Every structure is written in structure tokens, then in C-alpha cells.
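# Remarks on the overall topology
Here is how the chains run, residue by residue.
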Amino acid sequence: MSPSSALIASGDQALSFFNNPFSQPHSFPLSNFKNGSFVSPTNTQIRKPKPNTLFTASKRFQAITACLGERNPPAKALRQILEKPGVHQGPACFDGLSAKLVQRAGFQYCFTSGFSISAARLGLPDTGFISYGEMVDQGQQITEAVSIPVIGDGDNGYGNAMNVKRTVKGYIRAGFAGVILEDQVSPKACGHTQGRKVVSREEAVMRIKAAVDARKESGSDIVIVARTDSRQALSLEESLWRSRAFADAGADVLFIDALASKEEMKAFCEVSPLVPKMANMLEGGGKTPVLTPLELEEIGYKLVAYPLSLIGVSIRAMQDSLTALKGGRIPPPGSMPSFEEMKEILGFNNYYEEEKRYATSAYQLYSDRVSSNAYSIEKVQDDSEQRGQSPQDPVVEVITPDVYNKYGADGSRDPFSRIWSRTLRIKITGRDGFEKLDVRIPAGFLDGITNIVPGIFFVLQAYSQ
């Protein structure tokens, strides 16, 4: 929209424009949720409660559970992948956006990486700083962002066997399809770094038994991935012994981290041949040789994780962008998606389409509401005639912001003065046709616009009497 263009809106339309639609709560009927999508219920009858009978919370809970039970559980989806032939690749994500990109790329599942989450959430190394609560919170954001199954990094269970049970139950509630549990001591560390130590054989096995018990107690089928770091901490023979013991304890998938050669990888895949094996292809120079998916399949692996690809390229891309910005340039077009592509990835377009379903007669919603101008204002259709509104009602003329002074009072280019020189101009005309108000609101006040506009209309009502 050009600076000279304007929009004409009635009072209630202007108010609706300035209200943030994202702040409004949305609720969806659980009965319409099935297999990850909304469907219309069929043969649904509403029963009235019997007289003198309370509809208790437990009964409501049963109804919700029964409804959600129709959706394919994440653990079941992951087990179906494990039953398929071949090796299955799973990149490691660290937040909702990276998980969404993994799904959009066509992968059937993904992992969470404690290394990457510690880096992205805390800006700290994966040396035991991040806590159980932070990992569960981050994991829930990830599982809610995608429909593919997610295997969560459960570290060492954050304590003894009782802590392991709590970890498994928490990961189940967070929506994980699987959980990786390792035998390191606390504080734990990244599997390919120095100074790692593991607990005793007995304690390591008890952790897996506790995880299996937690799964049974929760009525879940979460996939338990048993990991040992004893290859680097002790020996190859010890890691093979622990893998067998983990399988006997009920682990669904076995994982030895930091195997040092292709021969060691082959020896591992010969252990408990009926239990699937997981490989960790640490990008950028880990201890394990990086093999192709075909090579891994020939050795006998079923799952393969790529823990650092997404966080690694993200770090480099941000470094390059910051270098460009510091040099007075913006990142080149080929190095980043367009704004339209970003909106599509993040779901803006889907949001606008769904938003139309809940539009009321007072507002007209459009899917193309967002433009590249951060201060631009969408055009709202003047439907006053359709709603029986008199053309003599007060109107508001909102003009796109204009920089009316590019310099400070002393002629200097002060960044602060440039921010406050950007304004939003509002003109109000009363029922009598006379102009009642013509104001410019500095950008610094726009956060409180929802408080300003109702006040303006209150004043307008007084003027128009």
C-alpha cells in the first residue's frame, strides 16, 4: 500500500483490526479429531445425565481418552517403521521448527538431540547442564509440531532407576514415540567427547528394567532404545555384553555409541539378531565411520540417526548472515527462503484458511493479511450496507505510516529518532461530516494501540451527539 492510500472502516471494524487474532483462544471438539485430522462425527448421540447424577471428572476423562484413542499412537507408528524392511534415516531436531522441516522433507520419523537442544535452548555444551524438565518441555513442543513419531533423547534417565521411571513416564506424556536411555554416570556427556564414565553392569541393566516397568505401568507401548557408552569408557567386549543384557531386560532397540570401525559395527549387529540396531552417524568428525544408508543396511542396522546436521548448518548459516549484516549487507536471496516461503512453512496460509471457518458477520477475514511491510494494514471491506449500518456512522481513516522526519532535531541521524519518527496516522470523521480527530501515533506507542483506539471511539461518541 502506498503512503497516500487509505482505508475506510466503521468503528467496530477498526476495533477488530487492531485486536490481535492470535490472542483469542481457540477450541476444537475432541470428537472431530481422528488420525491427526478433523472429521465430522457420525452416529453421534448426546445422552442427558440421569436425574441426581453428577457428570464427574473421571467420566469426562474417559470420554476424552476414548476419543483420542482413535488416533494412531506415536509408538505404534514407530513400531510399524521398525517392522518395515531396510534401514530408516532419522535426522535429529532441536525445536518445533526443525522438526517441522524434517517432516516436510519426507522423513518418516526423527530424533531429538540432547547436544542440539542444549546448544539451542541454553547455549551450553552437552555436559549435563540441561535438566529433565527442560528436555520434557522442549520435547513436548517438538511432538506437538509434527505428526511423525519422535524418539526422545532421555540421556541417562537423570538419576537412578526411580528417576528413569519418572523420565519414561514424562516422555510418554510429552508424546514421544520412543526414548533413548544410556548407562553414563552423572553428569553425562556427549558420546563422542572425552572423559565419559559408565555405571556398573548391574545398575545399567536395572535402568532398562525400570524403563520397561514404567512403560507397563503407563499402559503405553513406547519404544525403549537402550544405549551403552561403554565402548569408549571400557571396551568393545563390555559394550557387546551390555547390549545382550539390555535385550534380555526388554529393550526394543540396541545402540552402542562411538563404535570405532566398520568391523566393530558388524560385531554389534550380530548380537541379539532379532532386536533392531541403531547407528549414530556423527557428522563432522566423530569416532564412528560415516557410512551410507545402503552400507548400514548391509551390516544389519535398522535405524540411523544424524545428530548434528540441522544444528550444524544452522550455526554456519547464522554466522554467515551476521557477517553480512555487520558488513552492511543483507544475506543474499539464495541463502534464505523468501518471506512467502517462510509463511508457508510456518503455517500462516493454513491458519488464514481455517480462520475463515470462525469468521463472524461483523468481520471479514482474508487469507492475504500479511505483507512484507511490518507496519502495513490490511484492507477491511466496508460492509456497512450489508449489516444495515448507516453511511452516516463515524468512519476511521487509517493511513500507512510515513517517516515525516528522517533526522533528529539537530539534523543528526540518530537511530532512536528514526524509530520514533515512524508514525501511524488516524483520521476520524463524525456523523455530521466534520473531521473530529487527526492524530499521528509514534511507532513506540503501537504496542498499546488496543487501548488507544477504544478511547478514541469513546471520545468520538461524545463529539457526535
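Each chain carries its own residue numbering, running from 1 in the direction its sequence is written. Only residues with pLDDT of at least 70 are given local features in this predicted model, and only at 80 or more are side-chain atom pairs given and counted; all residues enter the totals for whole chains, interfaces and linings. The side-chain numbers reported here are obtained from all heavy atoms of the structure, hydrogens and water having been left aside.

What follows is about helix α4 (residues 96-104). Those residues of α4 not exposed but buried are Gly96, Ser98, Ala99 and Val102. What you see down the axis of α4 is that its buried residues fit within an arc of 165 degrees, all on one side. Where α4 is buried, its residues contact β4 (88-93), β5 (110-112), α6 (132-145) and α13 (309-326). Backbone geometry just after α4 places Gly106 at a positive phi near 100 degrees. Each residue is assigned to one of three classes by its accessible area relative to the maximum for its type, calculated with a 1.4 Å probe on protein chains only: buried under 20%, partly exposed between the two thresholds, exposed over 50%. Here a helix means four or more residues in a row that DSSP labels H or I, a strand means two or more in a row labelled E, and each is numbered from the N terminus. By definition, the arc is the one covered by directions from the helix axis to the C-beta atoms. For this analysis, residues touch if any pair of their heavy atoms sits within 4.5 Å.

Quick look at the side chain of Asp153 now. Topologically, Asp153 is positioned in strand β6 (residues 150-153). Buried and unpaired, Asp153 has Lys188 as its nearest opposite-charge partner, separated by 5.2 Å. Within the structure, Asp153 has its side chain in polar contact with the backbone nitrogen of Gly114 (distance 2.9 Å). Filtering out sequence-adjacent residues up to four positions away, Asp153 remains in contact with Thr112, Ser113, Gly114, Met135, Tyr158, Tyr171, Ile180 and Glu182. The charge count treats Lys and Arg as positive and Asp and Glu as negative. His and the chain ends do not count. Basic side-chain nitrogens of Lys or Arg form a salt bridge, by our definition, when they fall within 4 Å of a carboxyl oxygen of Asp or Glu. By the criterion applied in these results, polar contacts are pairs of N or O atoms within 3.5 Å in which, for protein atoms, one can donate a hydrogen and the other can accept it, and in which residues neighboring in sequence qualify only through two side-chain atoms.

Structurally, the position occupied by Gln138 is in helix α6. Looking at Gln138, the relative accessible area reads 8%, which means it is buried. Setting aside chain neighbours within four positions, we find Gln138 in contact with Phe94, Asp95, Ile117 and Arg121.

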